[in-house]
Amino acid sequence: ATLYAVKDGVTYIGETYTSSVRDYAYGKFASSTDDAYKTLLANLLKYGETAQIYRPYKADDLATSVLSAEEQAYITTTVPSVTNRSAATSNGLTGVTLAQNALGIASAVQIQFVTKIADTSYTASDLYAVVSWNHKGTAMTKRIEGSDFVKMGNFYTIIFEDLCAYEGRELVELTVYNTEGVAVSETWTYSIESYVAYRQGITTAEATMNTLNALMNYYDAAEAYFG
């Protein structure tokens, strides 16, 4: 990062600073005496490592390489215990149907509801989705406009990425409405935990499963620290 400023037509250039998530996390790790916090940071770095291998990206310079053997003892190595708690209401609403649930790992972890507009009298612009979840005892909702549904062939993916790291087991509910505010889909319940449990229950590539298990362990460490 470099700071630039312009005054009276003159451009001033500040110092350039270089850092990374790994540098920041390890700096905090090395200076902390809080075991719960060190466990959180170590598992964050472990998740980063598994994601690098999964992508692959800079697999010769892994996020955990800064940790000594003693420091790596803070990494959770057990496979997380998870339960698939996905559910759906049964109100007979078929305007928009659910094809599958998925998880995306990008700049944020995304719960993805892959849907199909079964009622051809609707287009995506005629619809919106409402997501609800519990954030530390506070009921939260988010409206996602149909224009933000991601079209892929005959399917529309509704992406939700607003959960904090300590909410990996938090249930999320989604319902699709028409612009008149009438529900046209069932209410679908899902969670990051549910996806990890689903993948644990089927044959999954090792790199993928390692990443998901490390993600869940990181989320659990965040819940233990922040919860």
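Here is a short report on the structure shown in this document. Everything numeric in this text was worked out from a predicted model, so none of it was measured.

The next point concerns the sheet that holds strand β8 (residues 150-152). Overall, antiparallel pairing links the four strands, which are arranged β4-β5-β9-β8 in an open sheet. Looking along the sheet, the strands with just one partner apiece sit at the ends: β4 (96-105) and β8. Going from strand to strand, the sheet's axes swing by 30° on average, the running direction of each strand aside. Examined bridge by bridge, strand β5 (residues 109-117) and strand β9 (residues 155-160) share five bridges and lie antiparallel to one another. By the bridge assignment for β9, Phe113 is matched with Ile158. Packed onto the sheet, helix α3 (residues 192-200) meets β4 and β5 and runs at close to 85° relative to β4.

Here Asn43 lies in helix α2 (residues 35-54). Engagement of the side chain of Asn43 in a polar contact is seen with the backbone oxygen of Thr39, the distance being 2.8 Å. With residues near it in sequence (within four places) discarded, Asn43 still touches Tyr74, Ile75, Thr76, Ala214, Asn217, Tyr218 and Ala221.

Now for the sheet that holds strand β3 (residues 87-88). One open sheet holds the five strands; their spatial order is β3-β11-β10-β6-β7, and the pairing between them is antiparallel. Bordering the open sheet on either side are β3 and β7 (138-145), each of which pairs with just one other strand. The sheet contact formed by β3 and strand β11 (residues 188-190) spans two bridges and is antiparallel. Bridging from a neighbouring strand, Ala88 pairs with Trp188 of β11.

For the coordinates displayed, the defined rule picks out seven salt bridges. With a shortest N-O distance of 3.0 Å, Asp61 and Arg22 are connected by a salt bridge. Taken together, the residues Asp61 in the loop between α2 and β3 and Arg22 in helix α1 (residues 21-31) connect sequence positions 39 residues apart. On the basis of relative accessibility, which here comes to 35%, the residue Asp61 falls in the partly exposed class. Residues Glu193 and Arg85 are paired through a salt bridge, measuring 3.4 Å at the closest nitrogen-oxygen approach. One end of the pair, Glu193, is in helix α3; the other, Arg85, is in the loop between α2 and β3, and 108 residues separate them in sequence. Through salt bridges with shared partners, a single network forms among Arg85, Arg169, Glu193 and Asp220.

Taken across its nine residues, β5 has eight buried, putting it largely inside the fold. Counting the residues in the hairpin turn of β4 and β5 gives three residues.

Another aspect to go through is the packing of α3 against helix α4 (residues 206-226). Any two packed helices are characterised by the angle at which their axes cross and by the distance between the axes. For the pair α3 and α4, the least separation of the axes is 10 Å and the interaxial angle reads 145°. Relative to α4, α3 is oriented so that their crossing is left-handed. Of the residues in α4, those touching α3 at Ile192, Glu193, Tyr195, Val196, Arg199 and Gln200 are Met209, Leu212, Asn213, Leu215, Met216 and Tyr219. Considering only residue class, the contact of α3 with α4 consists of eight nonpolar, two polar and two charged.

A few words now on unusual backbone geometry. A cis amide bond, omega -10°, links Arg55 with the succeeding residue Pro56. Backbone geometry at Asp8 places phi at a positive 55°, although glycine is not the residue there. Along the chain, Asp8 falls in the loop between β1 (2-7) and β2 (10-16). Of the residues examined, Asp8 reaches a relative accessible area of 73% and is grouped as exposed. Phi is positive for Lys136, which is not a glycine, with a value near 50°. Examined against the element boundaries, Lys136 turns out to sit in the loop between β6 (127-135) and β7. We classify Lys136 as partly exposed; its relative accessible area is 49%.

Conventions adopted
- Residues numbered from 1 in each chain as written.
- Predicted model: local features only at pLDDT ≥ 70, side-chain atom pairs only at ≥ 80, totals over all residues.
- Heavy atoms only, no water.
- Pairing = 2+ DSSP bridges.
- Helix = DSSP H or I, 4+ residues; strand = E, 2+ residues; numbered from the N terminus.
- Axes fitted to C-alpha atoms, helices over the stretch in contact; angles between N-to-C directions.
- Contact = heavy atoms within 4.5 Å.
- Polar contact = N/O pair within 3.5 Å; in protein donor to acceptor, adjacent residues only side chain to side chain.
- Salt bridge = Lys/Arg side-chain N within 4 Å of Asp/Glu carboxyl O.
- Buried < 20%, exposed > 50% of the residue type's maximum accessible area, 1.4 Å probe, protein only.
- Left-handed = near helix turned anticlockwise from the far one by under 90°.
- Nonpolar A, V, L, I, M, F, W, Y, C, P; charged D, E, K, R; others polar.

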